[in-house]
Amino acid sequence: MNQTEPKLVKIAEESAPLKPLFGLGEAALVEAVSILGEPAFRGRQLADALYRQRVTELDAITTLSKSFRDRLAAEGFSVGRPRIVQVFQSVDGTERYLIEDSTGNTVETVWMPEGDDGETGDGSEAGDGTGTSAEEPERNGSKARRRATICVSSQVGCAVNCQFCLTARLGLQRNLSAGEIAGQVVSVLDRHGVEVGRDRVNLVFMGMGEPFLNYESFMGAVKLLVEEVGLTPQKMTVSTSGIVPGIERFAAEPATLRPKLAISLNAPNNEVRSEIMPINRKWPIESVMDAVRRVPLRSRERVTFEYVLLGGVTDTPEAAHQVARLVRRTGLAAKVNLIAWNPGPGVPFEMPRAGAVEAFQQALAAEGIPAYLRRPRGRDIYAACGQLKRTVEG
Ligand code: SAH
Ligand code: SF4
């Protein structure tokens, strides 16, 4: 036995995965370098390189000495930021990415230039105004500020099983780590040369997965994106299918870290909602609304209720009336985002009839509920809401 032991150890060493630095905040990086006998400022240099300079290789961190970079590599560290491995481009400018982590798993992220109007009217800096060049004067007479929205995944697949959603067909395959969630954003910012603080980039946690069923990693990613990357939580929106314990935790987050909240209502009453979103049997509409009322809103902030219009199921005038009543009863500063259902192979629903979406919007408006249409983006590349299923066709 003794003879084989060294060999076993060697195999373990060889197959040990590299330790990603990406995903560690500044405090954790300072701690990691201090274990190697380096001063705290080395950790801060690392944070700067990973999150502000967006390096992808240790050797690109030129603020560190070559000997320290070699030492990090010898200790098994790597940058380890998830990489974009495939890009699908839509005729409307939307891009869908497959992003791969160090273990070879992929997730999906979407870049929507000019956004999808999802944040219109939510009272935030991100949502107000159109952000067109007419409103945003060019800086230094050169490049105009840009506006875009990045749609971020929180899990591979999803366990919630909404009947109209293509992602649900995958089931839950894996939770993403904080680094994998934040890494999607930094990789896309890098690809488009986004200047944080100048370009107007909104984040929506509305890709694959249910963020509130991967709460620690989701909020860990938000913390990295706010504290290290420099994005503001008022320009981020997290969407949940109504995971009540998650909403309660979220209500206790500090305003400096808390994104805006969107709730996937999707149905006018518990009966229909339980049919299309089985999670409603566990947390029915009233319990979700009670939890949402506990989330403190910043000044001018509104809660968004998302509502997918399923032809003949949720798009009727009576449904609009019921939705208006539900939203009014919450007493919240709220708005409704209407999304025409995006079809997917084998998903047994129909798109709403022509005119039904506008009629629904007008019916809500007539009852005093602000309602906006989300533009479907990138349908031709399976990038639109509910279409993310790691489809490899362009
Ligand atoms: N899991 C979270 C966030 C991801 S889904 C949630 O459900 O809120 C983001 C939004 O896409 C949700 O509002 C969901 O209702 C909507 N959606 C899902 N499938 C859709 C489809 N096929 N067409 C249009 N919207 C869809
Ligand atoms: Fe999951 Fe959201 Fe799709 Fe429902 S709509 S299955 S919660 S990703």
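To be clear, the structure that these remarks concern was listed above.
Because the structure is a prediction, the values reported are computed rather than measured. (Residues numbered from 1 in each chain as written. Chains lettered and ligands numbered in written order. Predicted model: local features only at pLDDT ≥ 70, side-chain atom pairs only at ≥ 80, totals over all residues. Heavy atoms only, no water.)

**Student:** Would you mind going over the overall build of the protein with me for this structure?
**Tutor:** Counting secondary structure elements, the protein contains 11 helices and 14 strands. Buried positions account for 53% of the 394 residues belonging to the protein. Taken as a whole, the protein presents about 17,000 Å² of accessible surface, with 52% of it coming from carbon and sulfur. (Helix = DSSP H or I, 4+ residues; strand = E, 2+ residues; numbered from the N terminus. Buried < 20%, exposed > 50% of the residue type's maximum accessible area, 1.4 Å probe, protein only. Areas by Shrake-Rupley, 256 points an atom, 1.4 Å probe, with all protein chains shown as cover.)

**Student:** Help me understand the environment of Gly209, please; the structure alone is not making it clear to me.
**Tutor:** Within the secondary structure layout, Gly209 lies in the loop between strand S9 (200-205) and helix H6 (215-229). Judged by its relative accessible area of 18%, Gly209 is buried. Once the C-alpha coordinates of Gly209 and Cys158 are considered, the two residues, 51 residues apart in sequence, prove to be 4.5 Å apart. If we skip the residues at most four places from it in the chain, Gly209 touches Ser154, Gln155, Gly157, Cys158 and Thr167. (Contact = heavy atoms within 4.5 Å.)

**Student:** Just checking my understanding: could you explain empty space enclosed by the protein for this structure?
**Tutor:** One water molecule sets the probe size; rolling that probe over the atoms shows where empty space is left. Under the definition given, this model contains two cavities of 30 Å³ or more. Taken as a whole, the largest cavity encloses approximately 120 Å³ of empty space. Along the walls of the largest cavity sit 17 residues, with Asp116, Gly118, Glu119, Val204 and Met206 positioned nearest its centre. A per-class count over the lining of the largest cavity returns four nonpolar, seven polar and six charged. (1 Å grid on protein atoms, 1.4 Å probe; cavity = no way out; pocket = protein on both sides within 12 Å on 5 of 7 lines; lining within 4 Å. Points joined across faces, edges and corners; volume = space filled by probe spheres on them. Nonpolar A, V, L, I, M, F, W, Y, C, P; charged D, E, K, R; others polar.)

**Student:** What is the right way to read the pairing of strand S4 (residues 95-100) from this model?
**Tutor:** Consecutive side chains of a regular strand alternate in pointing toward one face of the sheet and then the other. When you tally the buried positions in S4, you get five out of six residues, the bulk of the element. Count of turn residues in the strand S3 (residues 83-89)/S4 antiparallel hairpin: five residues, of which Gly93 carries a positive phi of about 95 degrees. Relative to strand S5 (residues 106-113), S4 runs antiparallel, the two being bridged by six bridges. Considered in S5, the bridge of Arg96 is made with Val110. Hairpin connection of S4 to S5: five residues between the antiparallel strands, including Gly104 at a positive phi of 90 degrees. (Pairing = 2+ DSSP bridges.)

**Student:** Looking at this structure, how should I read the sheet that holds strand S11 (residues 260-264)?
**Tutor:** Two strands in a sheet stick together by hydrogen bonds in their backbones, pointing the same way (parallel) or opposite ways (antiparallel). If you walk across this open sheet you meet the 10 strands as S3-S4-S5-S6-S9-S10-S11-S12-S13-S14, and the pairing is mixed. Of all the strands in the sheet, just S3 and strand S14 (371-373) have a single pairing partner and so form its edges. Across this sheet, the average inter-strand angle for adjacent strands is 25 degrees, counted without regard to direction. When strand S10 (residues 236-240) meets S11, the two strands line up parallel, connected through four bridges. In the strand pairing of S11, Thr240 is matched with Ile263. (Axes fitted to C-alpha atoms, helices over the stretch in contact; angles between N-to-C directions.)

**Student:** Teacher, can you tell me more about helix H2 (residues 26-35) here?
**Tutor:** Three or more residues of H2 are buried, namely Leu29, Val30, Ala32 and Val33. For H2, the angular spread of the buried residues around the axis is 160 degrees, confining them to a single face. H2 presents Ala27, Glu31 and Ile35 as exposed residues on the side facing more than 90 degrees away from its buried surface. On its buried side, H2 packs onto helix H3 (40-52) and helix H4 (66-74). One or two residues past the end of H2 sits Gly37, with phi positive at roughly 80 degrees. (Arc of directions from axis to C-beta.)

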